[in-house]
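Chains, contacts and geometry: an overview
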Amino acid sequence: MMKYLLTLLLCFLALWSQQVHSQDEKPKVALVLSGGGAKGMAHIATLQLLDSLGIVPDLVVGTSMGSIIGGFYAMGYSGDSIAVIAKTADWVNIFGGTINLDKVGNEEKSGLNQYLVDFDIIKGAPKPKGSIYNDQNLNEFFGKYTYPVCTINNFDELPIPFRAVATDIINGKEVVIDHGSVGFAMRASLSVPTLFLPVKYQGTMLVDGSVLNNFPTDVARNLGADIIIGSDVGGGMEPEEKLDNMISVLIQTGMLASNLKNEGNKEICDILVDHVPHITYTSSDLTKARKIYEQGKIELNVCKVNLVELAEQLKKYPQRVHKIPRDASEITIDSIAYKGISRDNRGLTKARMDLQPYKKYKADELVNALSRAMGTNIFDQITYNTFQDEETFGLQFNGVEKTKNKIHGSIHYDDYRDIGILVNYIGRNVIGSASRMQITLDIAKQPRYRFQYQKNFGKAYKYWIRSEAYGQFLVQEAYLEGESLEDLNYDYYLFDSQINKNFNSLKDFAGFGISYEYTTAEPKKNPEIDNNALDLRDYRFKNLELYGHYNYSSMNQVRYATRGTFFQARLARSLYHEAEASFVEQTTNDVSGQTNGFTRLGMSFEKRVSLSKNFVAAGGAEVGFIFMDDPGEDDVSFAEYGYGANYLLGGNLIRPRKDDVVFPGLNEGELPVTQFVVLKGALQYSPGKNFYLSPHVHLASVGYNDFSDFIEHAFSPDGDWYLNNEVSTLFSAGITASYNSFLGPVDIDVSWVNGIDKVRLFFGIGYQFNRSN
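Since we're looking at a predicted model, the values are computed, not measured.

Some remarks on the overall build of the protein chain
- Counting its regular elements, the protein chain contains 17 helices and 35 strands.
- The principal-axis extents of the C-alpha atoms in the protein chain amount to approximately 145 × 55 × 50 Å.
- The long-range share in the protein chain, meaning contacts at least 24 apart out of those at least 6 apart in sequence, stands at 66%.
- For the protein chain, the exposed area adds up to about 34,500 Å²; of that, 57% sits on carbon and sulfur atoms.
- Here the protein chain holds 74 positive side-chain charges and 92 negative ones, and the gap between their average locations is 9 Å.

Description of the sheet that holds strand 30 (residues 671-673)
- Spatial ordering of the open sheet is given by 29-28-30, a layout of three strands whose pairing is mixed. This sheet does not close on itself; its edge strands, each paired only once, are strand 29 (660-661) and strand 30.
- Taken together, the two bridges between strand 28 (residues 647-649) and strand 29 define a ladder with parallel strand orientation. Counted as the bridge partner of Leu-648 is Asp-660 from strand 29.

A short note on the pairing of strand 22 (residues 508-523)
- The sheet contact formed by strand 21 (residues 483-504) and strand 22 spans 16 bridges and is antiparallel. Note that in strand 22 the partner of Lys-501 across the bridge is Ala-510.
- Hairpin connection of strand 21 to strand 22: three residues between the antiparallel strands.
- Two strands pair when backbone bridges link them, and strand 22 and strand 23 (residues 536-553) are joined in this way by 14 bridges, in the antiparallel orientation. Opposite Gly-511, over in strand 23, you have His-549 as the bridge partner.

Here we look at helix 14 (residues 343-353)
- Taken together, the buried positions of helix 14 are occupied by Asn-345, Leu-348, Thr-349, Arg-352 and Met-353. Looking straight down helix 14, one finds that the buried residues subtend no more than 130° of arc, so they occupy a single side.
- Two residues or fewer after helix 14 comes Asp-354, characterised by a positive phi angle close to 55°.

Structural notes on a nonpolar patch on the surface
- On the surface, Leu-116, Val-117, Phe-119, Ile-411, Ile-421, Val-423, Leu-441, Ile-443, Phe-451 and Phe-742 cluster together to form a nonpolar patch covering roughly 840 Å² of accessible area.
- Counting residues per element, the ones that place at least two in the nonpolar patch are strand 3 (117-122), strand 17 (418-428) and strand 18 (435-444).
- Looking at the element boundaries, Phe-451 is found in strand 19 (residues 448-457).
- Relative accessible area serves as the criterion here: at 41%, Phe-451 is assigned to the partly exposed category.

Let's talk about the packing of aromatic side chains
- Enumeration according to the criterion identifies 39 aromatic pairs in this entry.
- When the centroid spacing of 5.9 Å and the interplanar angle of 45° are considered together, the rings of Phe-72 and Phe-141 count as tilted. One end of the pair, Phe-72, is in helix 3 (residues 65-75); the other, Phe-141, is in helix 6 (residues 136-145), and 69 residues separate them in sequence.
- The class for Phe-72 is buried, based on a relative accessible area of 1%.
- Measuring from centroid to centroid gives 4.7 Å for Phe-627 and Phe-707, while their planes differ by 50°, and the two rings are tilted. Remark: Phe-707 occurs in helix 17 (residues 707-713) and Phe-627 occurs in strand 27 (residues 615-628); sequence separation between them is 80 residues.

Side note on the packing of helix 2 (residues 43-53) against helix 3
- Running from N to C, helix 2 and helix 3 point in directions that differ by 25°, and their axes come no closer than 10 Å. Regarding the angle of helix 2 to helix 3, the classification is roughly parallel. Seen from above, helix 2 lies across helix 3 with right-handed handedness. Seen from helix 2, the contacting residues are His-43, Ile-44, Leu-47, Leu-50 and Asp-51; seen from helix 3, they are Gly-66, Ile-69 and Tyr-73.
- Class assignment of the residues belonging to the contact of helix 2 with helix 3 gives a composition of five nonpolar, two polar and one charged.

Some words on a negative patch on the surface
- Side chains of Glu-481, Asp-718, Asp-720 and Glu-726 sit close together on the surface and give a patch of like negative charge.
- Secondary-structure assignment places Asp-718 in the loop between helix 17 and strand 33 (728-741).

Side note on the packing of helix 2 against helix 13 (residues 300-314)
- Packing of helix 2 against helix 13 leaves a shortest axis separation of 10 Å and a crossing angle of 35°. In this structure, the crossing between helix 2 and helix 13 has a hand that is right-handed. Side by side, helix 2 and helix 13 meet where Ala-45, Thr-46, Leu-49, Leu-50 and Leu-53 of the first sit next to Leu-300, Lys-304, Leu-307, Val-308 and Ala-311 of the second.
- Split by residue class, the contact of helix 2 with helix 13 holds eight nonpolar, one polar and one charged.

Structural notes on the nonpolar core
- Ranked by size, the top nonpolar core spans 70 residues in total, and within it Phe-72, Trp-91, Phe-95, Phe-141, Phe-162 and Ile-177 carry the most contacts.
- The biggest single contributor to this core is helix 3, with seven residues.
- With residues up to four places along the chain from it excluded, the contact list for Phe-141 reads Phe-72, Ile-85, Ala-89, Trp-91 and Ile-94.
- The next biggest cluster of nonpolar side chains, apart from the first, holds 34 residues, and it includes Leu-536, Phe-638, Val-661 and Tyr-704.

Notes on the environment of Pro-664
- Note that Pro-664 resides in the loop between strand 29 and strand 30.
- For Pro-664, a relative accessible area of 5% translates into the label buried.
- Look past the residues within four positions of Pro-664 in its chain and what remains in contact with it is Gly-651, Asn-652, His-696, His-698, Ser-732, Asp-749 and Ser-751.

Describing the confidence of the model for the protein chain
- On average, residues of the protein chain carry a pLDDT of 88, and 93% of them reach 70 or more.
- Per-residue pLDDT stays below 50 along residues 5-22; that stretch engages in one contact with residues further than four places along the chain or on separate chains.

Quick notes on the side chain of His-43
- Within the secondary structure, His-43 sits in helix 2.
- Looking at His-43, the relative accessible area reads 0%, which means it is buried.
- Excluding its chain neighbours within four sequence positions, the residues that come into contact with His-43 are Leu-33, Ser-34, Gly-66, Ile-69, Ser-231, Asp-232 and Val-233.

Let's talk about unusual backbone geometry
- In the Ramachandran plot, Ser-64 falls in the positive-phi region, its phi being about 55° despite a non-glycine side chain.
- Residue class for Ser-64 comes out buried when judged on its relative accessible area of 5%.

A short note on the pattern of salt bridges
- Summed over the entire model, instances satisfying the criterion amount to 34 salt bridges.
- Ionic pairing is found between Asp-232 and Lys-266, a salt bridge with its closest N-O pair at 3.7 Å. Of the two residues, Asp-232 sits in strand 9 (residues 227-232) while Lys-266 sits in helix 11 (residues 262-268), which places them 34 residues apart along the sequence. Considered together, Asp-232 and Lys-266 belong to a single accessibility category, that of buried residues.
- Through salt bridges with shared partners, a single ionic network connects Glu-517, Glu-545, Arg-570, Arg-600 and Asp-659.

A short note on the sheet that holds strand 15 (residues 393-401)
- Spatially, three strands are ordered 12-15-14 in an open sheet, and the strand pairing comes out mixed. Looking at which strands have only one partner, the edges of the open sheet turn out to be strand 12 (335-339) and strand 14 (379-388). The mean inter-strand angle of the sheet, taken between neighbouring strand axes irrespective of direction, is 20°.
- As paired strands, strand 14 and strand 15 are joined by nine bridges and run antiparallel to one another. Bridge assignment links Thr-383 to a residue of strand 15, and that residue is Asn-398.
- Set on the sheet, helix 14 makes contact with strand 12, strand 14 and strand 15; between it and strand 12 the angle comes to about 140°.

Thresholds, definitions, all that
- Residues numbered from 1 in each chain as written.
- Predicted model: local features only at pLDDT ≥ 70, side-chain atom pairs only at ≥ 80, totals over all residues.
- Heavy atoms only, no water.
- Helix = DSSP H or I, 4+ residues; strand = E, 2+ residues; numbered from the N terminus.
- Contact = heavy atoms within 4.5 Å.
- Areas by Shrake-Rupley, 256 points an atom, 1.4 Å probe, with all protein chains shown as cover.
- Lys, Arg positive; Asp, Glu negative; His and termini not counted.
- Charge placed at Lys NZ, Arg CZ, Asp CG, Glu CD.
- Pairing = 2+ DSSP bridges.
- Buried < 20%, exposed > 50% of the residue type's maximum accessible area, 1.4 Å probe, protein only.
- Arc of directions from axis to C-beta.
- Patch = residues over 30% accessible without salt bridge, like charges linked within 9 Å, V, L, I, M, F, W, Y side chains within 5 Å.
- Salt bridge = Lys/Arg side-chain N within 4 Å of Asp/Glu carboxyl O.
- Phe/Tyr/Trp six-rings, centres within 6.5 Å; stacked < 30°, edge-to-face > 60°.
- Axes fitted to C-alpha atoms, helices over the stretch in contact; angles between N-to-C directions.
- Parallel < 35°, antiparallel > 145°, perpendicular 65-115°, else oblique.
- Left-handed = near helix turned anticlockwise from the far one by under 90°.
- Nonpolar A, V, L, I, M, F, W, Y, C, P; charged D, E, K, R; others polar.
- Core = buried A, V, L, I, M, F, W, Y, C linked by side-chain atoms within 4.5 Å.
- pLDDT = per-residue confidence, 0-100.

In structure tokens form, the structure reads like this:
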């Protein structure tokens, strides 16, 4: 009997001991978030439900987009905070890879987004880029939001321990990142092959974790998770009916290994939140982030019962404190290191970043420093990581420089200049450090070229010089009363050197320079055989001038900008001015010699304001004045023969020659004037991604003689602009339909112009030969 009672007592003690033990040890709860691109926004609803139930995981594991959402959660951001970030972030811009114009240095703005393809010259041979997108916007996004935990190196020390899953493409292995920079880990896990460059890591290269493991519940189990909550948006293998295009087949092939294990990883889950049946959008639908987030709430109605039950079980255990670990609004940096930045580029990079040790910096200040460095256009990527010991805290900036030599190319067509092929070569630091040399050719029936050299210098690299030679060989129509009189072979050459100072390296600069222009025009047909309406045999004009200028730009895009201000002013005094003209019938005497002197003043202003998600208002003004000296006894009249220095109004495209002025409704260069004031307004409406409709109006007062004559009649013009003699009113109204295609912008414009009462159609496609600044 005693033996029986002793046995019962021992069993009771064992059961009691097991119960006490189970009460003392909280089960390890892991949250696993799958990859899925834009579909990953559905994960946020899962996080919000966990927060509302008081469930704080002991581990977060994520792949690709799941690593971004999960990384934010592990850092201490609540589900609601992440929802706000997701709803307000411009995901297309973050992932799209296009650097905003207002983040580019003044001396580099004119070359941004001007070409269709680019090649690196490596060991004398051209090689295409390794990725479609630039990831700098993504890195800056991570840099801003991971700043509160930038001093944490071990991911187990985050408010919730975190793991990001990536793929080692050198050795074909899965990599689970558990230390270093959280931003780096998220970026590595999201390295979609061909879209983004792989990232270097411990002697190998990492790409998107979804290649091998899109739903890494097995990683959580191997890390000791007792209970696994899995949120899946990936879906595994696609059925036959969805494999109906090249992209879907490539994605299925690239994720084959991952998809094959997806069902098994789902079975590992103790609680599975399967969003796949409810998401009607694709992984690339970044513009649908809000709608995908709403669809993420649907499955939670099914899973909520299980999560509520889990929450009740966990109430008897203390939970982790889930919040951003400390007030990291400012961090004192004791030391700064630079890696991957060459000697030729280091001085300029450090000057643009303008960071000093032993100072406090906010997150935005560091991100802006990265932007200024990227604005030099020297780098493919700049990131930062922290390092520290017992006494110091430092930042290391890691640069991935563009190759020293690059070739760009594109094609274009428009109604004025026909088809052409642009070829551009850029060489960095070929002649001196912090320098750039470029050669641009427009290979066409009407060719153009530009040779340019520029160099940054000075203690803080605020100064830069630029010298260029530009030439164009065009066929220019001469017009009278809106009708073409004659085709002229119109050649123009410019030699220009300038020195500038940046006030704000991303916005404004001023400088002065000297330029020499040489203009020639002659009939395309031999006038000795078939004389022209102008009776012209040939024309020459030479102009050497000294100028000063000021430029300001905060526009956010090269084309179809949605916000920003642009202002430019240029004042030039001609030092040497010579005209030559000869005629066939000699009804007008040939002329040759100096013209009377002149001064030119030009200003341009534009403001763009976003009215809503789809509407942008644009307005501006542009003026050009020529102040003529009184002619001397032997001077050739500038008013009659200064065509080479006139402003040329007309056309829909911004052209390389600085005195060419866009005016829809007129043909390109149709109206040469000595004086003009233009007011313009437009409404840019975007009915869909990359589509734009822009109704516009342009109103101008134009003159053909001296400024004194123009200003007297500018506000009461009574001439007819198409007769080219008296101060006149010029007006046009129309609409432009545009599409921002992979070949470049596609523009179709229909505009009416007064006086001649003509409606003119313009069509253009591709990247055009750009203006130098």
